[in-house]
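Inside the fold
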Amino acid sequence: MAEKGINKVVLAYSGGLDTSVALSWLRETYGCKVIAFIADIGQNEPLDRLKDKALATGAQKVYIEDLREEFVREYVFPAFRANAIYEGNYLLGTALARPLIAKRQIEIAKREKADAVSHGATGKGNDQVRFELSYMALNPDIKIIVPWREWNFKSRTSLIKYAKKKGIPLSVTQDKPYSIDRNLLHVSFEGGILENPWTEPPEDMFKITVSPEDAPDKSVYMEIKFENGDPVALNGRKMSPAELLSSLNKIAGRHGLGRVDMVENRYVGIKSRGVYETPGGTVWRIAHKAVESITMDREVMHIRDSLIPKYSELIYYGYWFSPEMQLMQKIMDEAQVNVWGTARLKLYKGNCIVVGRRSHRSLYHRDLATFEEDEVYRHKDAEGFIRLNALRLKIQTKLKEAM
Ligand code: ARG
């Protein structure tokens, strides 16, 4: 229960129902000062209004920070260099944002001499794990207060009742029949009407993609240029990481790319239905793999591929700040040193089709792939190559025959 002697708490605040109630509840329960931290990671909310709201809800001070470039450069880029994807479908939009928010909270707590940090995630999800593993990794001594695991509210209805009683301003978006988490990489939807995995999401739920049916009848071409495995230019124009991702989102979203509807395994052992819109990330990953296909050594690629599930699991589970993640990232980055080049894509009604790839560092040699006899690749060598590789297969069969 409520530990006393807490003076000041830094709360990761979004302005939604849960964090609003958390803000007011922390003040009331602990009698402490609450600093609301609002991270702008591209959730597309009017931030000054959020600031007023936090102050009206009782925050002593509000920090608003534009973390969009840092989010894309330091979190999304490393993950996409590794082609990270969880359970074959989820591009980890929420999982990548949590460690950044946690890191800034810990830094603000230090500057403000706060003794605790807090978040509004529930006791059933992944986000609590991601926040708290990050807090503890970055500051082993920080106190962590988790309202959702302490208070007695059992439902959204009781949260809303409390909010009304306390005069906390509520916005209409809080009536949405599902929970939304949005940033520059994706929009995620879960809970509410989506909890039945047989129920198709309503079309008006989606925020940054059109359905393939509503996409233009005309395709669009685009070129993405990569250096060291990172995208640096779109259609020949150099762009900053956040700029590039938002441009990709616009084009790909307009053409119906990047919707995913899945049931995923949460770290806490629950299966959960999630619906995602990741338009830019989806075409980015396809383009990246196209450039890798001509610039990456075969065995390096195969070893790297075998590590993707493990690497992605670390992100999903919340181990961004861990020694095993540091090791994995070194391996992933080392595999990208030759990944320079451009992919050409065609987007059409929910499809992203690779139509070209080129690189000054290409390992693809036309003269090796063609059927002309040449010096480097001698057809006759293939005979011995196959015969030696077949040796153990022959021995197996001979043994079976003899038995
Ligand atoms: N299921 C996804 C994940 O675990 C998205 C979570 C979205 N979070 C939220 N509070 N709505 O990463």
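1. A short note on the nonpolar core
- Counting residues in hydrophobic clusters, the biggest one holds 73 residues, and the most contacted among them are F71, V72, L92, W284, Y311, I315 and L347.
- In terms of residues, this core owes the most to one element, helix α4 (residues 93–111), which gives 9 residues.
- Each residue touching W284, except ones within four places of it in the same chain, is listed here: V72, V76, F77, F80, I224, F226, P231, L245 and L248.
- Listed in part, the 28 residues of the second largest apolar core include L26, Y30, A54 and L159.

2. Some words on helix α8 (residues 241–254)
- With 14 residues, α8 extends 20 Å between its outermost C-alpha atoms, agreeing within 8% with the 20 Å of an ideal straight helix rising 1.5 Å per residue.
- Burial analysis of α8 places 10 of its 14 residues in the buried class, the great majority of the element.
- Within α8 the residues assigned to the buried category are P241, A242, L244, L245, S247, L248, N249, I251, A252 and G253.
- Those residues of α8 hidden inside the fold are in contact with α3 (68–81), β8 (220–227), β9 (230–234), α9 (279–295) and β13 (341–348).
- Once α8 ends, the next one or two residues include G256, with phi positive near 80 degrees.

3. Let's talk about the sheet that holds strand β12 (residues 271–277)
- With antiparallel pairing, 4 strands are arranged side by side in an open sheet as β6-β7-β12-β11. The outermost strands of the open sheet, each flanked by one partner alone, are β6 (179–182) and β11 (259–265). Adjacent strand axes in the sheet meet at a mean angle of 25 degrees, parallel and antiparallel pairs treated alike.
- Pairing between strand β7 (residues 187–190) and β12: 4 bridges, direction antiparallel. Along β12, the bridge assignment pairs S188 with Y276.

4. A look at the pairing of β13
- As paired elements, β8 and β13 share 7 bridges and run antiparallel to each other. Paired with I224 across the bridge in β13 is A343.
- As paired elements, β13 and strand β14 (residues 351–358) share 7 bridges and run antiparallel to each other. Paired with L347 across the strands is C352, a residue of β14.

5. Thoughts on the site of the ligand
- Taken together, 13 residues sit near the ligand, with Y90, N126, R130, S179 and E264 positioned nearest.
- The separation between an oxygen atom of the ligand and a polar side-chain atom of R130 is 2.9 Å.
- Side-chain polar atom of Y276 to a nitrogen atom of the ligand: 3.0 Å apart, as the coordinates give it.
- In isolation the ligand offers 350 Å² of accessible surface; the protein chains occlude 89% of this area.
- When residues of the shell around the ligand are traced back to their parent elements, those giving at least two are α4, α5 (127–138), β6 and β7.
- Class assignment of the residues belonging to the shell around the ligand gives a composition of 3 nonpolar, 4 polar and 6 charged.

Conventions used here
Residues numbered from 1 in each chain as written. Predicted model: local features only at pLDDT ≥ 70, side-chain atom pairs only at ≥ 80, totals over all residues. Heavy atoms only, no water. Core = buried A, V, L, I, M, F, W, Y, C linked by side-chain atoms within 4.5 Å. Buried < 20%, exposed > 50% of the residue type's maximum accessible area, 1.4 Å probe, protein only. Helix = DSSP H or I, 4+ residues; strand = E, 2+ residues; numbered from the N terminus. Contact = heavy atoms within 4.5 Å. Expected span 1.5 Å × (residues − 1). Pairing = 2+ DSSP bridges. Axes fitted to C-alpha atoms, helices over the stretch in contact; angles between N-to-C directions. Near = heavy atom within 4 Å. Polar contact = N/O pair within 3.5 Å; in protein donor to acceptor, adjacent residues only side chain to side chain. Areas by Shrake-Rupley, 256 points an atom, 1.4 Å probe, with all protein chains shown as cover. Nonpolar A, V, L, I, M, F, W, Y, C, P; charged D, E, K, R; others polar.

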